[in-house]
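# Structural overview
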Amino acid sequence: MGGGIAMAAANGGLNVLLLDNTQELLERGLQSIKHNYEVSVKRGSLTPQAVAQAIGRIQGTIRFEDFAKADLIIEAVFENMDLKKQIFARLDKTCPPKTILCSNTSSLDIDEIASATSPSRREKVMGTHFFSPANVMRLLENVRGKDSSAETLATGQELGKILRKVPVLVGNCPSFAANRIFKDRSTEGGFLLEEGAFPQDVDKIHLKFGFPMGLFQVSDLSGIDIGVKIMNELKKSNPGVKFVGSPLSSRLVDAGRLGQKTKAGWYQYDDGRTPKPDPVVEKIIVERSKEIGIERRKISDDEILERVVYTVINEGFRVIEEGIVSRPSDLDVISVYGYGWPKFTGGPIFYGVNVVGIKKVYNAIEKYAKRYPDRVYWQPSKLLKALAEDDALARKFNLRVPYVGTEVHRVLSAQQSPTSRL
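All values reported here derive from a predicted model rather than from experimental measurement.

In this section: the pattern of salt bridges. Within this structure, the stated rule accounts for 33 salt bridges. Asp-184 is the salt-bridge partner of Lys-183, the closest N and O atoms lying 3.2 Å from each other. We note a salt bridge from Arg-257 to Asp-278, for which the minimum N-O separation is 2.7 Å. One end of the pair, Arg-257, is in the loop between α11 (248-254) and α12 (279-291); the other, Asp-278, is in the loop between α11 and α12, with 21 residues separating them in the sequence. Pair check on accessibility: Arg-257 and Asp-278 agree, each one buried. Salt bridges here are not isolated pairs; linked through shared partners, they connect Glu-188, Glu-195, Arg-297, Glu-303, Arg-307, Arg-371 and Arg-375.

This is the structure we're talking about:
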């Protein structure tokens, strides 16, 4: 991920200093960057001249001390809170007071990461969540901590523009806005497998809906082990939160099936790229169903669509309700540019409100909440419920204006006094 971020910054005209633990790892990273640029030239997305200029802006080091004059630093190690805090503590001691320290975490608490720095530094700490591959994906999810200054956040937003990204500012909560609203889709996908579907059944619906890739195809591309590690870290960092889900991903990882990189994950990859349904995986899934006493059934396409799409919509309304995003349409932008949500549907919130209809979405969510009472994510969002039950209030729900302070927000606040995190 660090290499992709370095490429994005260099492509935007910024000088980049890339740090790694050893000279060998650093050289390997720089070679990977060079190779990726060569691929870009072959595809015609960059000219040889542009690549030469970009590579000239990237330098490497294995010394933290070389960051002493940096204006902004983006940490991009894997999702481990202890490691991130060690790095931030060291950067705090090494860098001058002006330096902004950013974490590319996709899910971990920005405030806890900032706590590893001195109190005077914390206003200079924020999250900059890039999406993989960072030199290609356009979304930049900027995360504000409780001490992040307006200047720091404005710098993060401007950085996104320089890098030709679409920056969206969100509040700090587990998994932030982007991964949070899509996390339950992955969980429900696992339950669909246990109840009767296979990966290709779920992915077929995603492709038909307009996604460029299916849920399990994406998992194989990014690495099943990465998702398992992130979930384990989330559980460790949030001991008071109950997480539900199928163990199927972990079982594939234990079997050495990590995705495309091992040519076997949810699918088999004989040529390294093309997904092919695998009887081995189907056997693992069927055995899991027997283990928990589920009689497998044929699940309709309509049910699969509702269960993977409506989880996103429901959690999206919860994120709006809590003030994690400024305006409802921010979630549509996040979904389109970060997750490949089909543009022609407008994004999950627009789709739920203007295409399907709030009442229809709410009724379906309430149906699944009764069917699966142990899955807390099916409990309807209070905001969604209020809009479904009050047509006049629903007509005042505006996707394009900041939610906090609107009449809908005031009505809901009077009912429950939610706490805004923005």
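Right, picking up where we left off after that structure.
Quick look at the packing of aromatic side chains now. In the structure shown here, the tally under the stated rule is 11 aromatic pairs. Here the aromatic rings of Phe-182 and Trp-341 are separated by 6.2 Å at their centres, their planes lie at 70 degrees, and the arrangement is edge-to-face. Pair noted here: Phe-182 is in helix α7 (residues 178-195) and Trp-341 is in the loop between α14 (329-339) and α15 (348-371), with a separation of 159 residues, a long-range link. Judged by its relative accessible area of 2%, Trp-341 falls in the buried class. One aromatic cluster is present, built from ring pairs that chain together Phe-131, Phe-182, Phe-209, Phe-211, Tyr-339, Trp-341 and Tyr-351.

This next bit is on the environment of Val-411. Of note, Val-411 is situated in helix α18 (residues 407-416). C-alpha separation for the pair Val-411 and Gly-190, spaced 221 residues apart in sequence, amounts to 37 Å.

It is worth spelling out the sheet that holds strand β7 (residues 166-170) at this point. Read across the sheet, five strands follow the order β3-β4-β5-β6-β7 without closing on themselves; strand pairing throughout is mixed. Among the strands making up the open sheet, the edge pair consists of β3 (72-75) and β7. In this sheet, neighbouring strand axes are inclined to one another by 25 degrees on average, regardless of whether the strands run parallel or antiparallel. By the bridge criterion, four bridges tie strand β5 (residues 125-130) to strand β6 (residues 139-143) in an arrangement that is antiparallel. Counted as the bridge partner of Gly-127 is Val-143 from β6.

To continue, consider the side chain of Gln-260. Here Gln-260 is to be found in the loop between α11 and α12. Non-local contacts of Gln-260, meaning those with residues more than four positions away in its chain, are made with Asp-220, Leu-221, Tyr-269, Gly-272 and Arg-273.

In this section: the confidence of the model for the protein chain. Looking at the protein chain as a whole, the pLDDT averages 94, with 98% of positions reaching at least 70. For residues 417-422, every residue scores under 50 in pLDDT, and the model assigns this stretch 22 contacts once sequence neighbours within four places are set aside.

Turning our attention to the state of the cysteines. This model, assessed by the stated rule, comprises zero disulfides. This cysteine, Cys-95, is not joined by any disulfide, and Cys-102 carries the nearest cysteine sulfur, 11 Å off. With no disulfide of its own, Cys-173 lies closest to Cys-102 among cysteine sulfurs, the gap being 18 Å. Judged by relative accessible area, which is 4%, Cys-173 ranks as buried.

So, on to the packing of α7 against helix α13 (residues 301-321). Interaxial distance between α7 and α13 falls to 8 Å at its minimum, and their mutual angle equals 155 degrees. Judged by the angle between their axes, α7 and α13 are roughly antiparallel. Relative to α13, α7 is oriented so that their crossing is right-handed. Where α7 abuts α13, its residues Arg-180, Ile-181, Phe-182, Asp-184, Arg-185, Glu-188, Phe-191, Leu-192 and Glu-195 lie against Ile-304, Arg-307, Val-308, Thr-311, Val-312, Glu-315, Gly-316, Arg-318 and Val-319.

This paragraph deals with helix α2 (residues 23-43). Spanning 21 residues, α2 covers 30 Å between terminal C-alpha atoms, matching the ideal 30 Å at 1.5 Å per step. Among the residues of α2, those classed as buried are Leu-26, Ile-33, Tyr-37 and Ser-40. Projection of α2 onto a plane perpendicular to its axis shows the buried side chains occupying an angular sector of 55 degrees, all on one side. Opposite its buried face, α2 presents the exposed residues Glu-24, Arg-28, Lys-42 and Arg-43, each directed more than 90 degrees away. Gly-44, located one to two residues past α2, shows a positive phi value of around 85 degrees.

The rules behind these values
- Residues numbered from 1 in each chain as written.
- Predicted model: local features only at pLDDT ≥ 70, side-chain atom pairs only at ≥ 80, totals over all residues.
- Heavy atoms only, no water.
- Salt bridge = Lys/Arg side-chain N within 4 Å of Asp/Glu carboxyl O.
- Helix = DSSP H or I, 4+ residues; strand = E, 2+ residues; numbered from the N terminus.
- Buried < 20%, exposed > 50% of the residue type's maximum accessible area, 1.4 Å probe, protein only.
- Phe/Tyr/Trp six-rings, centres within 6.5 Å; stacked < 30°, edge-to-face > 60°.
- Pairing = 2+ DSSP bridges.
- Axes fitted to C-alpha atoms, helices over the stretch in contact; angles between N-to-C directions.
- Contact = heavy atoms within 4.5 Å.
- pLDDT = per-residue confidence, 0-100.
- Disulfide = S-S within 2.5 Å.
- Parallel < 35°, antiparallel > 145°, perpendicular 65-115°, else oblique.
- Left-handed = near helix turned anticlockwise from the far one by under 90°.
- Expected span 1.5 Å × (residues − 1).
- Arc of directions from axis to C-beta.

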